[in-house]
Each structure stands twice: as structure tokens, then as C-alpha cells.
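# Overview (structure and organization)
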Amino acid sequence: MASNGEQNQTSEAGRHQEVGHKSLLQSDALYQYILETSVYPREHEAMKELRELTAKHPWNLMTTSADEGQFLNMLLKLINAKNTMEIGVYTGYSLLATALALPEDGKILAMDINKENYELGLPVIKKAGVDHKITFKEGPALPVLDELVKDEKNHGSYDFIFVDADKDNYLNYHKRLIDLVKVGGVIGYDNTLWNGSVVAPADAPMRKYVRYYRDFVLELNKALAVDPRIEICMLPVGDGITLCRRIS
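Residues numbered from 1 in each chain as written. Predicted model: local features only at pLDDT ≥ 70, side-chain atom pairs only at ≥ 80, totals over all residues. Heavy atoms only, no water.

Using the following cut-off: UniProt positions are given in the numbering used here, feature names are shortened, and annotations may be inferred rather than shown by experiment.
By the naming in an unreviewed UniProt entry, the protein goes by caffeoyl-CoA O-methyltransferase and is assigned to Arachis hypogaea. Note on the protein: under the UniProt heading Catalytic activity (unreviewed entry), the record states "(E)-caffeoyl-CoA + S-adenosyl-L-methionine = (E)-feruloyl-CoA + S-adenosyl-L-homocysteine + H(+)". UniProt, in its Function (unreviewed entry) section for the protein, records the words "Methylates caffeoyl-CoA to feruloyl-CoA and 5-hydroxyferuloyl-CoA to sinapoyl-CoA. Plays a role in the synthesis of feruloylated polysaccharides. Involved in the reinforcement of the plant cell wall. Also involved in the responding to wounding or pathogen challenge by the increased formation of cell wall-bound ferulic acid polymers."

### A few points about helix H2 (residues 28-39)
In plain terms, the rule: Classification of residues uses two cut-offs on accessible area relative to the type maximum, computed with a 1.4 Å probe and protein chains only: under 20% is buried, over 50% is exposed, and between them is partly exposed. Helix and strand assignments come from DSSP, with helices taken as H or I runs of at least 4 residues and strands as E runs of at least 2, each series counted from the N terminus. In this description, the arc belongs to the directions extending from the helix axis to the C-beta atoms.
Of the residues making up H2, those classed as buried are Asp28, Tyr31, Gln32, Leu35 and Val39. One side of H2 carries all its buried residues, which in axial view fall inside an arc of 100 degrees. Seen from the buried face of H2, the exposed residues on the opposite side, beyond 90 degrees, are Ala29 and Tyr33.

### Looking at the pattern of salt bridges
To be explicit about the condition: We count a salt bridge whenever a side-chain nitrogen from Lys or Arg sits within 4 Å of a carboxyl oxygen from Asp or Glu.
One pass over the full model with this rule turns up 10 salt bridges. Here Glu49 and Lys127 are joined by a salt bridge, their closest N and O atoms 3.0 Å apart. Of this pair, Glu49 sits in helix H3 (residues 45-55) while Lys127 sits in helix H6 (residues 115-127), placing them 78 residues apart in sequence. Lys127 sits in the exposed class, given a relative accessible area of 62%. Residue Lys167 pairs with Asp164 through a salt bridge whose shortest N-O separation is 3.2 Å. Residue classification places Lys167 among the buried positions, given a relative accessible area of 7%.

### Re the packing of aromatic side chains
A ring pair, where both rings are aromatic, is described by two values, the distance of the centres and the angle of the planes. Basically, it comes down to this: Centres within 6.5 Å make a pair out of two Phe, Tyr or Trp rings, where for Trp the six-membered ring is used; the pair is then stacked when the planes are under 30 degrees apart, edge-to-face when over 60, and tilted otherwise.
Within this structure, the stated rule accounts for 6 aromatic pairs. Geometrically, the ring pair formed by Tyr170 and Tyr189 is tilted, given 5.6 Å between the ring centres and 45 degrees between the ring planes. Residue Tyr170 is found in helix H8 (residues 170-180), and its partner Tyr189 is found in strand S5 (residues 181-190); the two are separated by 19 residues along the sequence. The burial state of Tyr170 is the same as that of Tyr189; both residues are buried. Considering the side-chain rings of Trp194 and Tyr213, the 6.0 Å spacing of their centres and the 90 degrees angle between planes classify their relative orientation as edge-to-face. Taken together, the residues Trp194 in the loop between S5 and helix H9 (208-226) and Tyr213 in helix H9 connect sequence positions 19 residues apart.

### Focus: the pairing of strand S3 (residues 134-138)
The following threshold applies: What makes two strands pair is DSSP finding at least two bridges between them.
One ladder, built from 5 bridges, connects strand S2 (residues 107-112) with S3; its direction is parallel. The residue bridging Asp112 from the neighbouring strand is Glu138, located in S3.

### Focus on the sheet that holds S3
Quick note on the threshold: Fitting a line to C-alpha atoms yields each axis, with helices limited to the stretch in contact; the angle taken between N-to-C directions then spans 0 to 180 degrees.
Spatial strand order, S3-S2-S1-S4-S5-S7-S6: 7 strands in an open sheet with mixed pairing. With partners counted over all chains shown, the strands left at the sheet margins are S3 and strand S6 (230-235), one partner each. Between one strand axis and the next, the sheet turns through 15 degrees on average, direction left out of account.

### Re the packing of helix H7 (residues 141-150) against H8
Selection criterion: Angle categories: roughly parallel below 35 degrees, roughly antiparallel above 145, roughly perpendicular from 65 to 115, and oblique for all the rest. The crossing is said to be left-handed when, going from far helix to near helix, the turn is anticlockwise and less than a right angle, and right-handed when the turn is clockwise. Only heavy atoms enter the contact rule, under which two residues are in contact if any of them lie within 4.5 Å. Gly is placed with the polar residues, together with every amino acid not listed as nonpolar (Ala, Val, Leu, Ile, Met, Phe, Trp, Tyr, Cys and Pro) or charged (Asp, Glu, Lys and Arg).
Running from N to C, H7 and H8 point in directions that differ by 30 degrees, and their axes come no closer than 10 Å. Considering their axes alone, H7 and H8 lie roughly parallel with respect to each other. Where H7 crosses over H8, the handedness of that crossing is left-handed. Contacts between H7 and H8 involve Ala141, Leu142, Leu145, Asp146, Leu148 and Val149 on the former and, on the latter, Asn172, Tyr173, Arg176, Leu177, Asp179 and Leu180. Along the lines of polarity and charge, the residues of the contact of H7 with H8 split into 8 nonpolar, 1 polar and 3 charged.

### Some details on the layout of surface pockets
Our working definition: Definitions used for this entry: grid spacing 1 Å over protein atoms alone; cavity, a set of points where a 1.4 Å probe fits but cannot get out; pocket, an open set with protein on both sides within 12 Å along at least 5 of 7 lines; lining residue, one with an atom within 4 Å of a point. Grid points are joined across faces, edges and corners, and a volume is the space filled by probe spheres set on the points.
The calculated volume of the second largest pocket comes to roughly 220 Å³. Around the second largest pocket sit 13 residues that line it, and Arg42, Glu43, His44, Gln70 and Asn73 are the ones nearest its centre. Where the lining of the second largest pocket is concerned, the elements lending two or more residues are helix H4 (66-78) and helix H5 (93-101). Ranked by the residues each element gives to the lining of the second largest pocket, the list is headed by H4, at 5 residues. Here the lining of the second largest pocket is composed, by residue class, of 6 nonpolar, 4 polar and 3 charged.

As C-alpha cells, then:
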């Protein structure tokens with residue numbers, strides 16, 4: 001077993017070599033093993049192309065990690081999802097993972113405040129032949145959700161909803177999404193372990209954006225844990241993802 005000094009040296013040398021390396025694993029070598037053994041050999045060519053394209057973007061750490069993309073793709077197939085929603089798109093890596101998993105007549109309502117980032121990945125999505133499944137709306141998601149909730153026919157109409165957007169609005173999203181997802185359907189909230197900061201002391205050194213959103217993530221996690229309408233599973237995939245299956 002390597003000494004702490006050797007482990008730290010290895011970690012510093014290898015960290016962030018991969019796009020979207022948000023893994024909570026202490027060993028970069030172990031994370032790399034997961035990617036090379038399980039993810040990359042099975043990765044769709046379009047997913048690889050979009051991942052590599054996103055790597056060149058200055059905000060590339062905003063992307064969904066490759067292992068989480070693989071997880072979402074399989075999850076959607078397991079639950080036979082057909083009508084889905086995504087809040088927070090960025091360049092569309094998780095969106096592409098979803099689109100590839102859905103049947104030909106599957107649908108995704110995708111929302112993001114920045115259409116320019118989405119359009120970076122759109123040529124790859126089109127090349128993969130799944131762009132017809134996506135309806136993209138630029139702008140804040142809450143007004144769109146409010147309109148959807150107003151119409152009773154939208155209640156319980158979504159099989160799966162993925163949220164990877166402004167953490168300070170996660171609870172506001174949940175209040176609306178719980179009506180829109182069907183009983184037995186799933187809502188996935190990304191970044192619920194938030195760089196591991198959820199267990200850090202309040203006075204621990206943190207990046208400014210991590211500290212700002214930390215309390216909102218903690219508030220969400222507490223609320224989801226006691227919400228009787230759902231059963232939950234928090235997974236240490238990527239930066240943490242909490243799956244909420246609606247039961248009532």
C-alpha cells in the first residue's frame with residue numbers, strides 16, 4: 001500500500017485529467033480504472049465526441065461525468081422511460097445520454113438559460129440522429145414549470161426528470177416536479193454531495209461557489225430525506241446523485 005505522501009502525489013498528478021472529473025473517490029487511479037474498464041469501451045461514438053468537445057470549453061467541469069452519463073443511460077432503459085425532462089443542459093452530454101436511451105418516439109423537454117452552450121453540442125446530437133427527440137427552451141425553468149403544473153394533463157406525465165442546474169432553486173424545482181413526474185417515475189438531482197462539502201465543517205476552506213451553494217444542497221438533502229411522497233437513494237456517482245422515486 002502506498003504511503004500517504006505517495007497517494008497525495010499520485011492524486012495531484014492525475015486529478016482532472018478526464019473531462020468532468022467530479023468523482024468523490026479518493027483514488028484517481030481507481031476512477032480511471034472505472035472509466036477504462038466499464039465506461040470507455042462501451043461509450044457511444046457521439047458521447048465520446050461530445051465529451052472531447054466539451055473538454056475544450058473553459059467551463060468543462062460543469063459537464064456530467066462519463067460514468068454518470070453511462071449510469072443515466074442504463075437507468076432510463078431499466079425504467080423504460082419515454083417522456084422525460086432535463087433542467088440544466090450545458091453542452092448536452094447528459095442530454096445525449098438520455099436521447100440515446102429513449103425509444104424513437106421518446107421526448108425530452110430540455111431547459112437551460114444558455115442556448116449558446118447547447119448549440120456547441122447540437123451538431124453532435126444531430127449527427128447521432130436523436131435531435132428529433134429534444135425540445136429545447138432557453139431561459140429560466142421555473143416559469144415553464146409553473147405553466148406545466150397549471151394544466152392538469154401534465155400531472156404525472158413524465159417518466160424521468162434530471163436536474164443539474166442552479167442549486168439555490170432545487171427545492172423550488174422539487175415542489176413543482178413532484179406533480180409532473182408519474183407515480184413510479186424518477187427525479188434525479190445532481191451534485192447532492194457537492195464536492196464532499198456536505199460533511200465539511202462550516203469554517204473549512206472552500207471555493208467561493210462551493211461555499212455559496214453548500215447550504216442549499218444541505219437543505220435539499222434534508223427535505224428529500226423526509227418527503228413522504230418519494231423513496232430516495234443517494235449515490236456517490238460523479239458529484240453525488242439522488243434518485244427520487246415517486247410513490248404517492
